[in-house]
Amino acid sequence: MKNADSFTEIPNIGFVIATKRVAEDEHKVCFMYREAAMDPQDSGWRIFAGDESQEYVNDPENSGIYQPAAILMVDDSIRALLLEPIGAAYERVDGTAEWQVAEGYAFGGDDEIETQPLGGGWQIEISGVFDRDEDDEGDTVFASEGRTVRVAIWDFSDKAHDEIIALHKAFIHDRDQSETPTLEVFEFDQDDIVRMGFLVEESDEERKYKVLYGYTIIGTEVAQGAFYYDEETDHSWAMETWLSIMM
């Protein structure tokens, strides 16, 4: 086992509930899911060795409340999963295998995907775990642990549709690369919807994070989205959320 001092930078998510097969027998974790928390100190994570019988799991004496550090000392491979949202479920065949999304489980709680209005007939599909707010500039902001979405709607009615596309394409390809170089460029056409965007890495005093800047152009209106995420595994989430924006 590793020393607990190795885990001083664990996300402050609250406690987990794990079976004693993991916490005491030190069996590697092979199944875990996150459900709606019982109280503010509960992360919602439920952690198993994967070989427990239903009778074993049903007995409350066989599980306990633990800080994440205690489980990480047994199995550090779960570290990257701890910031996944409510509704996440992962499994693997043994302690040496790669983690896979567990199919067919529904622990959604507040994590159900919701259609949220953005104004002017625009909408976005986003998980219910995100808190919604507006900033001082009137942008719509959705925030959750490790993930943030910021959307602004622009009306370019004084310009032609093709001109709007050209302006945004030029901005993406000609932007200053000195501080945040472009990592990837995206362009999609879907019926009457034109999407273009780019990916960068930004940082603050505490951490580095990725930002997907995505523009959705319909007619003479543009939904400008910024999708911030801390974990590399959230790239697909950022893409899917961007592609859900429409009117």
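Details of the structure are given in the entry above.
Rules used in this analysis
Residues numbered from 1 in each chain as written. Predicted model: local features only at pLDDT ≥ 70, side-chain atom pairs only at ≥ 80, totals over all residues. Heavy atoms only, no water. Helix = DSSP H or I, 4+ residues; strand = E, 2+ residues; numbered from the N terminus. Buried < 20%, exposed > 50% of the residue type's maximum accessible area, 1.4 Å probe, protein only. Areas by Shrake-Rupley, 256 points an atom, 1.4 Å probe, with all protein chains shown as cover. Lys, Arg positive; Asp, Glu negative; His and termini not counted. Charge placed at Lys NZ, Arg CZ, Asp CG, Glu CD. Pairing = 2+ DSSP bridges. Contact = heavy atoms within 4.5 Å. Axes fitted to C-alpha atoms, helices over the stretch in contact; angles between N-to-C directions.

Description of the overall build of the chain
Reasoning step 1: On a plain count of helices and strands, the chain comes out with five helices and 15 strands.
Reasoning step 2: If one aligns the C-alpha atoms of the chain with their principal axes, the spans along those axes are about 70 × 35 × 35 Å.
Reasoning step 3: Within the chain, buried positions represent 43% of all 247 residues.
Reasoning step 4: A total accessible area of about 13,500 Å² is found for the chain, and carbon and sulfur atoms account for 46% of it.
Reasoning step 5: One way to put it: in the chain the 18 positive side-chain charges average out to a point 4 Å from where the 56 negative ones average out.

Observations concerning the sheet that holds strand 1 (residues 15-19)
Reasoning step 1: The six strands are arranged 4-1-3-2-5-6 in an open sheet whose pairing can be described as mixed. Single-partner strands in this sheet number two, and they are strand 4 (63-66) and strand 6 (100-101).
Reasoning step 2: In the sheet, strand 2 (residues 31-34) pairs with strand 5 (residues 89-91) via three bridges, with the strands oriented antiparallel. Note that in strand 5 the partner of M32 across the bridge is Y90.

Considerations on the side chain of T140
Reasoning step 1: Following the sequence through the fold, T140 ends up in strand 10 (residues 140-144).
Reasoning step 2: Taking relative accessible area as the criterion, T140 reaches 5% and is therefore assigned buried.
Reasoning step 3: Beyond its immediate stretch of four places on either side in the chain, T140 contacts L118, R132, D133, V149, R150 and V151.

Thoughts on the sheet that holds strand 15 (residues 221-229)
By way of backbone hydrogen bonds, the strands of a sheet pair with one another, either parallel or antiparallel.
Reasoning step 1: Ordered in space as 9-10-11-15-14-13-12, the seven strands form an open sheet in which the pairing is antiparallel. Two strands in the sheet have a free side with no partner beyond their single neighbour: strand 9 (131-134) and strand 12 (184-190). On average, each strand axis in the sheet is inclined to that of its neighbour by 20°, with strand direction left out of account.
Reasoning step 2: Packed on one face of the sheet, helix 4 (residues 161-174) meets strand 12, strand 13 (193-203), strand 14 (208-218) and strand 15 and runs near 20° to strand 13.
Reasoning step 3: Contacts between helix 5 (residues 235-243) and the sheet are confined to strand 11 (147-155), strand 12, strand 13, strand 14 and strand 15, with strand 15 contributing the most and set at about 165° to the helix.

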